[in-house]
Amino acid sequence: MHCIFCSIIKKEIKSEIIYEDNYTIAFLDIAPISSGHVLVIPKLHFTNLTETDPLMLAYVMQSAQKIAGAMAKALKLSGYNILINNGAVAGQIIDHFHLHIIPRRAKDGLEAWPQGEYQASEAGQIAKKIIASLPKS
Ligand SMILES: [Zn+2]
């Protein structure tokens, strides 16, 4: 199975790597939503968030926290979005779990959150369905 992100981890493909430790690596997205857009990935191959080992997920988030702080300082950001696209319909293009750090600047024109609303008892019914499907601990 060929995975472009696994090739980046093995340094078979050149990328602008900005951070690396034992479990994670981060590099610039070659098709940035905004300048400085970074991807953080686990060094082990997992298809998506659902499949990712929880400990690896924790390492990815810890790396993201460090990197986002450095990005905010270095790029003088007003803020940033953390985004995970899970599944093709959600915009996931590479089937190796990755977390996006998207730089935000005042009046950058990006609109992340068009907001809707629920009908009468809809929210309660949806919440019950999700709760019933949570793993039992
Ligand atoms: Zn991979």
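For the structure itself, consult the block above.
These numbers were taken from a predicted model, which means no experiment stands behind them.

What counts, and at which threshold
- Residues numbered from 1 in each chain as written.
- Predicted model: local features only at pLDDT ≥ 70, side-chain atom pairs only at ≥ 80, totals over all residues.
- Heavy atoms only, no water.
- Helix = DSSP H or I, 4+ residues; strand = E, 2+ residues; numbered from the N terminus.
- Buried < 20%, exposed > 50% of the residue type's maximum accessible area, 1.4 Å probe, protein only.
- Contact = heavy atoms within 4.5 Å.
- Areas by Shrake-Rupley, 256 points an atom, 1.4 Å probe, with all protein chains shown as cover.
- Lys, Arg positive; Asp, Glu negative; His and termini not counted.
- Charge placed at Lys NZ, Arg CZ, Asp CG, Glu CD.
- Phe/Tyr/Trp six-rings, centres within 6.5 Å; stacked < 30°, edge-to-face > 60°.
- Core = buried A, V, L, I, M, F, W, Y, C linked by side-chain atoms within 4.5 Å.
- Donors = N, O, S within 2.8 Å, 3.2 Å for Na, K, Ca; no water.

A. Here's a closer look at the overall build of the protein. Scanning the protein from terminus to terminus reveals 3 helices and 5 strands. Along the chain direction, N to C, the helices and strands of the protein fall in the order α-β-β-β-α-β-β-α. Across its three principal axes, the protein shows a C-alpha extent of roughly 50 × 40 × 25 Å. When each of the 137 residues of the protein is scored for burial, the buried share is 32%. Here the analysis covers contacts within the protein between residues at least 6 apart in sequence; of these, 53% occur between residues at least 24 apart. A total accessible area of about 9,400 Å² is found for the protein, and carbon and sulfur atoms account for 59% of it. One way to put it: in the protein the 13 positive side-chain charges average out to a point 6 Å from where the 12 negative ones average out.

B. Region of the structure containing the packing of aromatic side chains. Summed over the entire model, instances satisfying the criterion amount to 2 aromatic pairs. Between Phe5 and Phe27, the aromatic rings sit 5.4 Å apart at their centres with planes inclined by 70 degrees, giving edge-to-face as the arrangement. Here the residue Phe5 occupies a position in helix H1 (residues 4–9), and Phe27 occupies one in strand S2 (residues 24–28), the gap between them amounting to 22 residues. Each member of the pair, Phe5 as well as Phe27, is classed as buried. With 4.0 Å between their ring centres and 5 degrees between their planes, Tyr23 and Tyr59 make a pair best called stacked. One end of the pair, Tyr23, is in the loop between strand S1 (17–20) and S2; the other, Tyr59, is in helix H2 (residues 54–74), and 36 residues separate them in sequence.

C. Looking closely at the nonpolar core. Formed by 15 residues in total, the largest nonpolar core has its most connected members in Ala26, Val38, Val40, Ile67, Met71, Leu99 and Ile101. Counting residues per element, the ones that place at least two in this core are strand S3 (38–42), H2 and strand S5 (99–104). Of the residues forming this core, the biggest block, 6 residues, is contributed by H2. Discounting chain neighbours no more than four positions away, the residues touching Ile67 are Ile18, Tyr19, Ala26, Val38, Val40 and Ile101. Judged by nonpolar contacts, the second largest core, of 9 residues, contains Ile8, Ile9, Leu39 and Ile41.

D. Representation of the coordination of the zinc ion within the structure. Every protein donor of the zinc ion is listed here as Cys3 (SG), Cys6 (SG), His45 (ND1) and His96 (ND1), and their distances to the metal cover 2.0 to 2.3 Å. Within one chain, the residues serving as donors to the zinc ion are arranged as C-x2-C-x38-H-x50-H. Here the residue Cys3 occupies a position in the segment before H1, and His45 occupies one in the loop between S3 and H2, the gap between them amounting to 42 residues.

E. Up close: the side chain of Asn85. Relative to the elements of secondary structure, Asn85 occurs in the loop between strand S4 (79–83) and S5. Here Asn85 falls in the buried class, since its relative accessible area comes to 15%.

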